[in-house]
Amino acid sequence: MEEEEYIRTRISWCDLHPELLSEIAESLGIIDLVGFRGVCKDWRSASFTASASIESKLYFLLHNDRDENTILFNPTTNKNYTINIPELKEATCLASTQGWLLISQRGNLFFFCPFSRVKIDLPPIQGLENTPPAAAAAFTSPPSSIDCVTAIIYKINDDIVQVNVLERGGASMWIKYEYDLKFNQKSFGDAKCATFQQGCLYLMDGFKRLLTFTMEDKSFEMFLVIEQSKDPNLETLSFRYKDKLFTRSNLKKQMNLGDDVTVTTCGATYFGSDLEVLIYNENIEAMEGTNAQHFKGIWIQPRFFQLPPNYSWSL
């Protein structure tokens, strides 16, 4: 009798009308929606238009190059969720903004939403097989926008900072611009975060140095960021930044990661109460003398995007 009742209940859930399933999917939060879509093909199809309720808090994704399972950690509730995301295996995240990730994987570049698994392939950067570890990136708007501009920045040697720009609706390939530190008698460390603000690319290193690149005239300028000053003649940043957020939040302990774990994090940009906030990239080392396990982490605002099949960056 109990077995018959179980089978009858199971059949009734599987046979729910598509319209009802769609209504249920539309009311779900990001975590529940991901689980909902994993039940079966019909449930996934019924949730095609669902977008999930907007999550304002930051989550943290932890992955490695060895397997496809990714840990999603909610710092607010201290809860871990395991999600299978094969797209993050052997991948490095270069930028995280409003739920979209810019990913480099074995020489390939693409935008990716890890919750809906939507992917937008980008053309490769000519002459670059793998993106340098200390690279940073930014994009002006969601990659589905027709006016999205993307920039990937890194030092090709101690003297040259290279900015690679890809404009949607513009050139079909990356355009390179270089800033010669030695010629300009300037110094700049590894990139820690980047953002676009009103047609200007801002890039910061770990020593409070700020390199800007103006899209209109393709010019560079270097500044030093002073955190506290009463000088009324100083310019004010149009964004705020946070460094060492993983360390200050004690995430290594909260996520039960051992002393033998190293974590390289990709920061994120998100909108605060008044200004955009940038989170620095960070390197957390394992305890000396341990056989270190290397993980990669991504700060992310969970979003759920749907795009038509075979969606392309090319317009």
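Please read these numbers as outputs of a predicted model, since none were measured by experiment.

S.K.: What is the right way to read the sheet that holds strand E15 (residues 219–224) from this model?
M.R.: Paired through their backbone hydrogen bonds, the strands of a sheet run either parallel or antiparallel. An order of E12-E13-E14-E15 is seen for the four strands of this open sheet, with the pairing classed as antiparallel. At either margin of the open sheet sits one strand with a lone partner, and together these are strand E12 (191–197) and E15. Taking the axes of each pair of neighbouring strands and ignoring which way they run, one obtains an average angle of 20 degrees across the sheet. Pairing between strand E14 (residues 209–214) and E15: six bridges, direction antiparallel. The residue of E15 that forms the bridge with Thr212 is Glu221.

S.K.: Looking at this structure, I do not really get the environment of Met287. What am I missing?
M.R.: Position of Met287 among the secondary structure elements: in the loop between strand E20 (282–284) and strand E21 (293–300). Taking relative accessible area as the criterion, Met287 reaches 48% and is therefore assigned partly exposed. On a C-alpha basis, the gap between Met287 and Gly258 in space is 9.1 Å, while along the polypeptide they are 29 residues apart.

S.K.: I would appreciate a short explanation of the nonpolar core in the present structure.
M.R.: For soluble globular proteins, the rule of thumb is that nonpolar side chains tend to be buried together. Counting residues in each nonpolar core, the largest one holds 38 residues, and the members touching the most others are Trp100, Leu102, Ile103, Phe111, Leu122 and Ile152. Of all the secondary structure elements, the ones that give two or more residues to this core are strand E1 (59–63), strand E4 (91–97), strand E5 (100–105), strand E6 (108–113), strand E7 (118–122), strand E8 (136–139), strand E9 (149–155) and E21. Beyond its immediate chain neighbours, meaning those up to four positions away, Ile103 contacts Leu88, Ala91, Thr92, Cys93, Asn108, Leu109, Phe110 and Phe112. Counting residues in each nonpolar core, the second largest holds 22 residues, with Ala136, Val161, Phe188 and Leu211 among its members.

S.K.: Before we go on, may I ask you to explain the pattern of salt bridges in this structure?
M.R.: What the rule picks out here adds up to nine salt bridges. Residues Asp274 and Arg240 are paired through a salt bridge, measuring 3.8 Å at the closest nitrogen-oxygen approach. Remark: Arg240 occurs in strand E16 (residues 239–242) and Asp274 occurs in the loop between strand E18 (269–271) and strand E19 (276–279); sequence separation between them is 34 residues. Judged by its relative accessible area of 36%, Arg240 is partly exposed.

S.K.: Can you help me understand a nonpolar patch on the surface in this one?
M.R.: On the surface, a nonpolar cluster with roughly 290 Å² of combined accessible area is contributed by Leu224, Ile226 and Leu234. Along the chain, Leu234 falls in the loop between E15 and E16. With relative accessibility at 39%, the residue Leu234 sits in the partly exposed group.

S.K.: Explanation requested: the pairing of E4 in the structure shown.
M.R.: Along any regular strand the residues' side chains alternate between the sheet's two faces. Counting buried positions along E4 gives six out of seven residues, so the element sits mostly inside the fold. Taken together, the six bridges between E4 and E5 define a ladder with antiparallel strand orientation. Pairing of Thr97 across the sheet is with Trp100, part of E5. Count of turn residues in the E4/E5 antiparallel hairpin: two residues, of which Gln98 carries a positive phi of about 50 degrees.

About the thresholds
Residues numbered from 1 in each chain as written. Predicted model: local features only at pLDDT ≥ 70, side-chain atom pairs only at ≥ 80, totals over all residues. Heavy atoms only, no water. Pairing = 2+ DSSP bridges. Helix = DSSP H or I, 4+ residues; strand = E, 2+ residues; numbered from the N terminus. Axes fitted to C-alpha atoms, helices over the stretch in contact; angles between N-to-C directions. Buried < 20%, exposed > 50% of the residue type's maximum accessible area, 1.4 Å probe, protein only. Core = buried A, V, L, I, M, F, W, Y, C linked by side-chain atoms within 4.5 Å. Contact = heavy atoms within 4.5 Å. Salt bridge = Lys/Arg side-chain N within 4 Å of Asp/Glu carboxyl O. Patch = residues over 30% accessible without salt bridge, like charges linked within 9 Å, V, L, I, M, F, W, Y side chains within 5 Å. Areas by Shrake-Rupley, 256 points an atom, 1.4 Å probe, with all protein chains shown as cover.

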